[in-house]
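Observations on the three-dimensional arrangement
Residues per chain are reported as follows:
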Amino acid sequence: MIRNVFKYLSLIIVSAALLVSCSEIKSNTKSASGGRLYQDASASVEDRIDDLMSRMTLEDKAAQMSQYVGLEHMKQALGDLTEEELDKNDAKGFYPGFKTTDIAQLTREGKIGSFLHVLTAKEANELQKLAQESPLQIPLLIGIDAIHGNAYYEGGATVYPTPITQAATFDDALMVKASVQTAKEMRATGTQWTFTPNIDVLRDPRWGRTGETFGEDPFLVGNMGIASIKGLQGDDFSGYDKVITCAKHLIAGSQSINGLNASPTDVSKRTLFEIFLPPYKRAVQEANVYSIMAAHNEVNGMPGHMDEYMMTDLMRDRWGFDGFYVSDWNDISRIAKWHHVAKDFKESVEFSVNAGMDMNMHGPFFQDYVVELVNEGKIEASRVDDAVRKILEAKFRLGLFENPFIDLESVKTKIFTKEHQATALEQARKGIVLQKNAGLLPLKNLKGKKLFITGPNAHNMTTLGDWTSPQPKENYITIKEGLDNLADKYGYFTEYYDCGQRSKWITDENIATAKRKALNADILVLVLGENSYRHDWKNKTTGENIDRATLGLSGNQMKLANKIFELNKPVIVVYVSGSPVAEPWLEQRAKAVVNAWEPGAFGGQAVAEILMGEVNPSGKLPLTIPRSVGQLQMVYNHKPTAYIHKYNTEKKVPLHPFGFGLSYSKFEFSEPTVSKAEFAGLDDSITVTVDVKNNSDVDGEEVVQMYIRDNRSSYTRPVKELKGYKRVFVKAGETKTVEIPISAESLAMYDKDFNFVVEPGEFTIMTGNSSENKALKEAIISVSKLITLDKVK
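Residues numbered from 1 in each chain as written. Predicted model: local features only at pLDDT ≥ 70, side-chain atom pairs only at ≥ 80, totals over all residues. Heavy atoms only, no water.

1. Examining the overall build of the protein chain
Helix and strand counts for the protein chain come out as 26 helices and 28 strands. Taken over the C-alpha trace, the protein chain has a radius of gyration of 29 Å; the compact-globule value for 793 residues is 28 Å, and the two agree within 12%. Its C-alpha atoms put the protein chain at 120 × 65 × 50 Å along the principal axes. For the protein chain, buried positions account for 61% of its 793 residues. When contacts within the protein chain are restricted to residue pairs at least 6 apart in sequence, those whose partners lie at least 24 apart make up 77%. For the protein chain, the exposed area adds up to about 30,500 Å²; of that, 51% sits on carbon and sulfur atoms. Across the protein chain, the 92 positively charged side chains and the 103 negatively charged ones have centroids separated by 4 Å. (Helix = DSSP H or I, 4+ residues; strand = E, 2+ residues; numbered from the N terminus. Rg over C-alpha atoms; globule rule 2.2 N^0.38 Å. Buried < 20%, exposed > 50% of the residue type's maximum accessible area, 1.4 Å probe, protein only. Contact = heavy atoms within 4.5 Å. Areas by Shrake-Rupley, 256 points an atom, 1.4 Å probe, with all protein chains shown as cover. Lys, Arg positive; Asp, Glu negative; His and termini not counted. Charge placed at Lys NZ, Arg CZ, Asp CG, Glu CD.)

2. Overview of helix α9 (residues 172-188)
For α9, with 17 residues, the first-to-last C-alpha span of 25 Å sits near the 24 Å given by 1.5 Å per residue. Burial in α9 covers these residues: L174, M175, A178, S179, Q181, T182, A183, E185, M186, R187 and A188. Of the surrounding secondary structure, the elements contacted by the buried residues of α9 are β3 (141-144), α8 (163-168), β4 (193-194), α10 (218-233), α18 (411-414) and α19 (418-431). One side-chain oxygen at the N-terminal end of α9 lies 3.3 Å from the backbone nitrogen of A173; it belongs to D171. Two residues or fewer after α9 comes G190, characterised by a positive phi angle close to 95 degrees. (Expected span 1.5 Å × (residues − 1). Polar contact = N/O pair within 3.5 Å; in protein donor to acceptor, adjacent residues only side chain to side chain.)

3. Digging into unusual backbone geometry
With omega at -5 degrees, the peptide bond leading from L441 into P442 counts as cis. Residues other than glycine seldom take positive phi values, yet H117 does so here, at roughly 55 degrees. Its identity is not glycine, yet F754 carries a phi of approximately 65 degrees, on the positive side. As for its position among the elements, F754 is in the loop between β24 (749-750) and β25 (756-758). Judged by its relative accessible area of 11%, F754 is buried.

Function cannot be inferred from these measures alone, as they are strictly geometric.
In structure tokens, the structure reads:
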């Protein structure tokens with residue numbers, strides 16, 4: 001009897017011990033080494049997330065959804081603002097009632113999950129150190145606007161050409177290469193998340209952010225966006241040389257009603273699906289982009305930051321987006337403040353998070369409202385868990401739990417390396433577009449001759465573009481310096497006159513002096529354009545939040561040009577601008593026009609090499625350049641009835657078409673041939689073959705472009721759409737054969753129910769070296785039965 005009692009007591013004790021043990025495993029899971037499981041690098045990412053989230057309070061989770069600007073940025077903002085401005089300005093990162101010490105303490109307590117605008121490696125380490133003092137020691141995810149290289153970093157990183165220049169290369173592989181290098185420079189300086197690529201499809205070049213885009217064509221934008229994501233993230237962003245990317249801005253802010261940033265967009269659902277959404281679909285399905293940023297603007301009355309259909313129903317549920325959403329700058333609060341569809345910030349948070357938003361950029365109160373709304377039953381706790389899991393996954397895969405710090409001593413050995421400089425130079429060489437050449441270029445017989453150089457963009461950092469911090473002088477080459485550096489080699493000499501280094505600074509006196517100094521020169525180089533340089537905000541004439549009411553040159557630049565042309569000397573116009581310049585009269589009078597866009601750190605060298613013929617220009621326009629602002633909207637992939645009638649006082653053809661760009665070589669294209677005449681099904685493919693002959697004595701690169709037209713469709717389709725391109729180097733007198741594939745995706749459209757299908761019928765295949773009809777040769781293929789690629793769920 002006693003023996004049985006002891007037996008049962010033993011069983012009870014063992015069972016109780018097992019229950020306690022299981023409870024401890026669930027609530028305080030240990031790793032094999034005795035620490036917390038989530039801190040064990042040998043455990044799976046999923047198990048680590050589960051363990052960490054089991055330890056987190058609702059407040060801890062809401063904190064992970066919160067992002068703040070860096071402490072140094074806050075200090076700078078405080079220094080810039082007057083007392084009267086403090087409550088009015090939300091665009092400088094200042095938080096009323098909060099000091100930098102308060103933000104530091106919040107970080108120390110684990111109440112901040114992410115920072116942006118951390119522009120030095122030293123500050124990145126200091127912030128991570130504060131986070132390691134928090135109870136759970138969750139590292140920070142630090143984001144930066146590494147839009148064209150890690151150029152926003154204040155320490156001399158490589159400044160690649162801006163995205164519009166990169167798009168003009170039509171070189172996807174080169175974009176991947178530059179992006180791989182950018183990721184390395186970011187990680188070396190303490191950031192792990194870049195707010196790029198901007199895959200907004202540009203449809204209105206008045207928009208100041210034109211230079212931040214890849215142009216007007218959905219296919220080109222998609223290709224460049226995918227190349228950027230793959231280079232930055234790799235196949236898996238795990239490790240210490242990759243970062244996560246952020247496709248932005250969802251959706252259609254690049255065709256606002258008036259060309260202004262953040263203004264309403266009012267376009268059809270069909271336009272959204274045919275023009276603006278394809279790059280996002282591809283970024284998700286082909287490149288696994290890990291974050292997406294919503295747009296400032298409303299679309300058809302719905303603010304982007306509370307658009308559940310766009311963020312959840314379409315991107316997540318239909319197209320499979322598996323990352324997290326981040327707001328744009330203060331835009332959750334603007335649901336109330338700007339759009340007036342919520343009563344206050346708290347209700348804005350409710351609307352946004354329930355629609356799918358995962359992280360707030362930026363500032364206090366958001367996480368407090370998330371907690372309140374969950375406790376009130378207005379946001380599901382599972383919605384918060386979903387958001388936090390994605391954010392934590394990024395931190396685990398990036399290796400931040402193992403080592404959130406960087407070695408400050410090694411930073412300078414990992415940024416602005418010779419290899420990275422060479423890539424930036426190559427992008428500049430391939431992205432510069434020769435728009436006119438009346439036999440002047442390349443320059444020859446220059447010995448003893450004088451080149452006169454002037455213009456607001458000839459000798460400053462405007463070549464570096466928008467998202468750039470001031471760079472060390474030795475890290476970039478201006479247009480003037482590029483020409484100076486080749487003077488001894490070719491025997492010419494230069495004279496430069498500073499007529500005002502911003503278009504707003506050019507005076508009548510400057511213009512008169514420039515004309516007088518140009519009198520004795522043999523060749524005149526006018527470096528004109530716009531300025532997007534954000535660290536000279538009051539003098540910006542394009543770029544973020546500086547939109548344009550005209551596509552002509554700002555300030556007194558045309559007045560300067562007129563006086564220079566009066567000398568009847570050969571004039572080379574070099575444009576430095578992220579936005580297109582529409583000045584037909586100027587281009588008519590110039591002997592040569594070179595569109596350098598914003599060519600980055602070595603743009604001056606690349607321009608000089610092209611003028612001298614050391615580099616054969618091969619860039620192509622990634623957008624249509626209209627003759628005037630009155631022609632807008634002007635895009636190459638317009639609908640068939642766009643130009644039935646004519647303007648009273650303006651031509652209805654552009655100044656330069658999409659895909660256009662001259663070369664020093666003369667290329668001849670054969671008629672395209674197709675591998676078969678009929679496209680058979682979903683997995684079928686047709687190969688288009690073109691012979692390209694170089695009928696000149698100059699080796700050169702050409703961009704073979706393939707366009708497709710659906711000859712008859714259930715809904716109207718564009719007159720042509722870019723569906724393939726390939727760069728090819730052809731030696732003088734040589735012929736190269738180029739092959740470009742056609743897939744079902746190349747032929748597909750959205751039907752009446754917005755299923756993605758290929759309809760039966762004929763398709764015209766067009767190949768050439770621009771989108772202009774006279775540059776294209778044709779072939780026909782057909783489809784005999786309906787093919788469905790993607791159905792509405």
